[in-house]
Amino acid sequence: MAKIRSLLFREMRIQRKQILANIISCTGCAVLFSLIMLSCRIGNLSKLIAENDDAAGAFEIVFKLLPVMYSGLCAACAGIYDQGLIGSDVNSGWANYACAIPVRPRDRAAARTAFAGIMYLLNILLIELFYAASCAATGKPLSAFGMSVILLPLAFAPLMSAVLHLFTMRARTQVTFKKEQIKATAVQMLLIFLAGAIPCGKLAQYMTDRVSQIGQYMEEHPFAPQEDQLSFIFGDVLEKGNEMLHRIAPWVIPAIVLLLALDYLIICYAARKGERV
Amino acid sequence: MSDYQNAIEIRDLTKKYDGFTLDHVSFDVPRGSIMGFIGQNGAGKTTTIRALLNIISADSGEIRLLGLDHIKDEIAVKERIAVVFDEMPFHEIFTAREMARIFRGIYPKWDDAAFQNLLDRFQLPQKKRIGKFSKGMKMKLQIACALSHGAELLVMDEATTGLDPVVRAEILDLFLEYLQDDGHSILMSSHITSDLEKIADSVCFIDRGRILVSGYKDDVLASHGLLKCTKSDYAALDRADFISARLSDFGAEVLVSDREAAAKKYSGLLIEPATLDEIMVYYVNQGKKEWS
């Protein structure tokens, strides 16, 4: 345990500035977003919303998007540390030196996972605080579903870390690290692409299937309000999406924990099978 | 735990790379002694050290450190040894105090008082960032960390390379003090043979992945000699009697590995003692036999 504590201290110390910078930028963003929402409720923007129905609709979407954007920002911040840690270990020579001191791969993995866990907890706290603030600003009630689903982007961070660790943790030299980093980035991009491509593909398929119905509706109701047209086109999709999010929501936290455990196992494996230069 | 004769035992260590092979390397470092591991750059010193630390896996061979298997008992061995590399392996943002905090958890026998003494002795600041240290200070800090957890074996890979003579002398003095304790041993790889000539008990020459000479330094120095002769004398020498010869316009300088036998056989010729540096150079050129 003392070894893990020492290694954890080391990692926290190396990333101290980055952690502070992330906390400051996330908090700054949270304040800015909250001010926008507050303005919509009681400030200058509230007058605009009251006078204009279109603006009200647009802001409704913004209210839903801001917490998601904020969660994405926090997820990006949570996943940023690994790259810096592995790179600085290789550059300083610690990656090699760590093999000459009495530290097991599982100690290194435990310290790295503990560090990641602390960072995820910190980011979960920031996200939930912002969600609470956004609910307060928009006058909507806090819900368990909302609290859970807002963390969805964060679930990608340990997955990305696991990919990065799988490739780069075996690097002991800068040359190998750069090569492995490129491979890891390619796999990460592929995962991100798949994560985006699957829902987009489903949407495209849905739209293709409904193209004749949409055409018929537009012919029959050429002067229907825009809101009704959109509702006809996307109503089903939104309903299905909402249904899916309700199904996913309870699994977000377990997924983060599970992916962290997977990351731990990958670090153990990669550190054990480290590059033999 | 401390019942061993040799701090390091390496038998038939082999590691193949593309273009380089560590070829059946075998040597011992007796307990309580300091061995100089000598060879030019790329000779295989670092590969051997990395293999014994299990940083690289050997293709074949057996390594025992402090009487224990270097893989099966890896953690137990590493708690009792210290390693100093040629480059500072600590992140530059840390201070000496922070390094102590890290190592306190890693080494069960970490001794804060010993570390503090070494910092005082080397006049190293506790709160200054390592990044602001000079090369000499960085090496001193690395050595202070290495000698503060009661290590029985100190393994150094080119640790004195690039340091000025004053710092080197200071560090060599510390190593001699470290060796005052009977159980302490040092393996010191270097191509600065003058340092090893001062402090080593035994030496091991390696070149192109093969051990050329290994033994007690005094024996190696006593047995080798530089035979200086004219060109005509050189022509009369039996080529099997010498390692290699440096030819010049005035004659030849020839390294013999059995000085006594050579003195008897070539009684009219002058044979002078050879330094470790000269022995290394002549052995490295033994493939060519004659060089200038």
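Conventions adopted
- For every chain, the first residue of the written sequence is number 1, and numbering continues from 1 along that sequence.
- Whichever chain is written first becomes A and whichever ligand is written first becomes 1, with later ones labelled in order.
- In keeping with the predicted nature of the model, local features appear solely for residues at pLDDT of at least 70, side-chain atom pairs appear and are counted solely at 80 or more, and the whole-chain, interface and lining totals rest on all residues.
- Only heavy atoms go into the side-chain values, all of them from the structure, while hydrogens and water stay out.
- By the criteria applied, helices consist of DSSP H or I runs no shorter than four residues and strands consist of E runs no shorter than two, each listed in order from the N terminus.
- To sort residues, take the accessible area from a 1.4 Å probe on protein chains only and compare it with the maximum for the residue type: under 20% means buried, over 50% means exposed, and anything in between is partly exposed.
- Whether two residues are in contact is decided by their heavy atoms, any of which lying within 4.5 Å being enough.
- Using the Shrake-Rupley algorithm and a 1.4 Å probe, accessible areas are obtained, with residue cover drawn only from the displayed protein chains.
- Only four residue types enter the tally: Lys and Arg on the positive side, Asp and Glu on the negative side; His and the chain ends are excluded.
- Note on charges: their place is set at NZ of Lys, CZ of Arg, CG of Asp or CD of Glu.
- Here, the term nonpolar core denotes a set of buried Ala, Val, Leu, Ile, Met, Phe, Trp, Tyr and Cys residues that are joined through side-chain atoms within 4.5 Å.
- Buried area: the accessible area, evaluated with a 1.4 Å probe, that two parts lose upon being put together, summed over both parts.
- Put simply, a salt bridge is a Lys or Arg side-chain nitrogen that is within 4 Å of an Asp or Glu carboxyl oxygen.
- Here a polar contact is taken to be a pair of N or O atoms separated by no more than 3.5 Å, where protein atoms must pair a possible hydrogen donor with a possible acceptor and residues adjacent in sequence count only if both atoms sit in side chains.
- Basically, the charged four are Asp, Glu, Lys and Arg, the nonpolar ten are Ala, Val, Leu, Ile, Met, Phe, Trp, Tyr, Cys and Pro, and anything else, Gly included, counts as polar.
- Detection works on a 1 Å grid of protein atoms alone, calling trapped sets that fit a 1.4 Å probe cavities and calling open sets with protein on both sides within 12 Å along at least five of seven lines pockets, with lining residues defined by an atom within 4 Å of a point.
- Grid points are joined across faces, edges and corners, and a volume is the space filled by probe spheres set on the points.
- Think of it this way: a Phe, Tyr or Trp ring, Trp meaning its six-membered ring, pairs with another when their centres are within 6.5 Å, and the plane angle makes it stacked under 30 degrees, edge-to-face over 60, tilted otherwise.
- We call two strands paired when DSSP finds no fewer than two bridges between them.
- Domain delimitation in this document rests on an assignment produced automatically or drawn from a domain database.
- Lines are fitted to the C-alpha atoms to define the axes, a helix being fitted only along its stretch in contact, and any angle between axes, read from their N-to-C directions, falls within 0 to 180 degrees.

## A word on the overall build of chain A
Thinking step 1. Across its full length, chain A carries 12 helices and 0 strands.
Thinking step 2. Structurally, chain A occupies a C-alpha span of about 75 × 45 × 30 Å along its principal axes.
Thinking step 3. Here chain A holds 277 residues, and the buried ones make up 43% of them.
Thinking step 4. Long-range pairs, those at least 24 residues apart, make up 80% of the contacts in chain A between residues at least 6 apart in sequence.
Thinking step 5. About 14800 Å² of surface is accessible on chain A, with carbon and sulfur atoms providing 69% of the total.
Thinking step 6. Averaged over its 26 positive side-chain charges, chain A has a centre that lies 21 Å from the centre of its 20 negative ones.

## Quick look at the nonpolar core
Thinking step 1. Counting 115 residues, the largest nonpolar core has A:Trp94, B:Phe90, B:Phe103, B:Leu141, B:Leu154, B:Phe175 and B:Leu187 as its most contacted members.
Thinking step 2. If one sorts the elements of this core by residue count, helix α5 (residues 135–146) of chain B sits on top with 7 residues.
Thinking step 3. Not counting chain neighbours up to four residues away, the residues in contact with B:Phe103 comprise A:Trp94, A:Tyr97, B:Phe90, B:Trp110 and B:Cys145.
Thinking step 4. Counting residues in hydrophobic clusters, the runner-up holds 30 residues, among them A:Met37, A:Tyr70, A:Cys77 and A:Ile150.

## Details of the interface of chain A and chain B
Thinking step 1. Counting residues at the interface gives 24 residues for chain A, matched by 29 residues for chain B.
Thinking step 2. Between chain A and chain B lies a buried interface of about 2600 Å² when both sides are counted; carbon and sulfur atoms form 62% of it.
Thinking step 3. Put simply, chain A and chain B have 2 salt bridges between them.
Thinking step 4. In this structure, B:Glu79 and A:Lys3 form a salt bridge, with 3.2 Å as the shortest nitrogen-oxygen distance.
Thinking step 5. The interface formed by chain A and chain B includes 7 residue pairs in polar contact (both at pLDDT 80 or more).
Thinking step 6. Secondary-structure elements contributing two or more residues to the side of chain A that touches chain B are α1 (2–14), α5 (80–92) and α6 (94–97) of chain A.
Thinking step 7. It is α1(A) that contributes the most residues to the side of chain A that touches chain B, 8 residues altogether.
Thinking step 8. For the side of chain A that touches chain B, the per-class residue count stands at 12 nonpolar, 5 polar and 7 charged.

## A short note on the pattern of salt bridges
Side chains carrying opposite charge are able to pair once their charged atoms draw close together.
Thinking step 1. This model, assessed by the stated rule, comprises 24 salt bridges over all chains.
Thinking step 2. Among the ionic pairs, B:Arg246 bridges to B:Glu253, the shortest N-O distance being 3.6 Å.
Thinking step 3. Owing to a relative accessible area of 34%, B:Arg246 belongs among the partly exposed residues under this scheme.
Thinking step 4. Salt bridges sharing common partners tie together A:Arg10, A:Glu11, A:Asp89 and A:Arg112.

## Regarding the layout of surface pockets
Empty space left among the atoms is revealed by rolling a probe the size of a water molecule over them.
Thinking step 1. If you add up the space inside the second largest pocket, you get close to 570 Å³.
Thinking step 2. Lining the second largest pocket we find 29 residues, and of these B:Arg50, B:Phe85, B:Asp86, B:Glu87 and B:Met88 sit closest to its centre.
Thinking step 3. Contributions of two or more residues to the lining of the second largest pocket are made by α5 of chain A together with α1 (45–52) and α5 of chain B.
Thinking step 4. If you tally residues by element for the lining of the second largest pocket, the top one is α5(B), at 4 residues.

## Points about the packing of aromatic side chains
Residue and element names in this part refer to chain B.
Thinking step 1. One pass over the full model with this rule turns up 17 aromatic pairs over all chains.
Thinking step 2. Ring centres of Phe103 and Tyr107 lie 5.8 Å apart, and the angle between their planes is 35°; on these two criteria the pair is classed as tilted. Like Phe103, the residue Tyr107 is buried in the burial classification.
Thinking step 3. Pairing Phe205 with Tyr283 gives two aromatic rings, centres 6.4 Å apart and planes at 25°, and the pair type is stacked. You can see Phe205 sitting in strand β9 (residues 202–207) and its partner Tyr283 sitting in helix α11 (residues 276–284), a full 78 residues away along the chain. For the pair shown, Phe205 and Tyr283 are each scored as buried.

## What to know about the pairing of strand β1 (residues 6–17) of chain B
All names here are of chain B.
Thinking step 1. Pairing of β1 with strand β2 (residues 20–30), which is carried by 8 bridges, proceeds in the antiparallel orientation. By the bridge assignment for β2, Tyr17 is matched with Phe20.
Thinking step 2. Turn length for the β1-β2 hairpin, with the two strands adjacent in sequence and antiparallel, is 2 residues, and the turn residue Gly19 shows positive phi of about 90°.

## Structural notes on the domain arrangement of chain B
Residues and elements named next belong to chain B.
Thinking step 1. When cut into domains, chain B gives domain 1 (6–215) and domain 2 (224–291).
Thinking step 2. For domain 1 and domain 2, the distance between their C-alpha centroids amounts to 34 Å.
Thinking step 3. With 13 residues of domain 1 in contact, the opposing surface of domain 2 contributes 9 residues.
Thinking step 4. Interface area, domain 1 with domain 2, both sides summed: about 900 Å², of which 74% is carbon and sulfur.
Thinking step 5. Together, Glu197, Phe205 and Leu212 form the three largest contributors to the area buried by domain 1 at its contact with domain 2, with a combined 44%.
Thinking step 6. Where domain 1 packs against domain 2, one counts 0 salt bridges.

## Describing the sheet that holds strand β11 (residues 225–229) of chain B
Residue and element names in this part refer to chain B.
Thinking step 1. Strand order in the open sheet formed by 5 strands is β14-β11-β13-β12-β15, and the pairing between neighbours is mixed. Two strands close off the open sheet at either side, each with one partner strand: β14 (270–273) and β15 (290–291).
Thinking step 2. Summarising the sheet, strand β12 (residues 245–247) and strand β13 (residues 252–256) pair through 3 bridges and their orientation is antiparallel. Directly across from Leu247, in β13, lies its bridge partner Ala252.

## Digging into the sheet that holds β2(B)
All names here are of chain B.
Thinking step 1. In spatial order, the strands read β2-β1-β4-β5; together these 4 strands make up an open sheet with antiparallel pairing. Strands at the two margins of the open sheet, each flanked by one partner only, are β2 and β5 (68–69).
Thinking step 2. Contacts from α1 reach β1, β2 and β4 (60–65) within the one sheet, and its direction differs from that of β1 by about 115°.

## Some words on empty space enclosed by the protein
Residue and element names in this part refer to chain A.
Thinking step 1. Tallied over the full model, the rule gives 3 cavities of 30 Å³ or more.
Thinking step 2. The calculated volume of the largest cavity comes to roughly 70 Å³.
Thinking step 3. Lining of the largest cavity is provided by Leu7, Arg10, Glu11, Asp89, Trp94, Ala98, Arg108, Ala111, Arg112 and Met169.
Thinking step 4. Tallied by class, residues from the lining of the largest cavity come to 5 nonpolar, no polar and 5 charged.
Thinking step 5. There is about 60 Å³ of room inside the second largest cavity.
Thinking step 6. If you trace the second largest cavity, you find it lined by Leu85, Ile86, Asp89, Val90, Ala95, Arg108, Arg112, Thr168, Met169, Ala171 and Arg172.
Thinking step 7. When residues of the lining of the second largest cavity are traced back to their parent elements, those giving at least two are α5 and α7 (105–138).
Thinking step 8. Counted by class, the lining of the second largest cavity contains 6 nonpolar, 1 polar and 4 charged residues.

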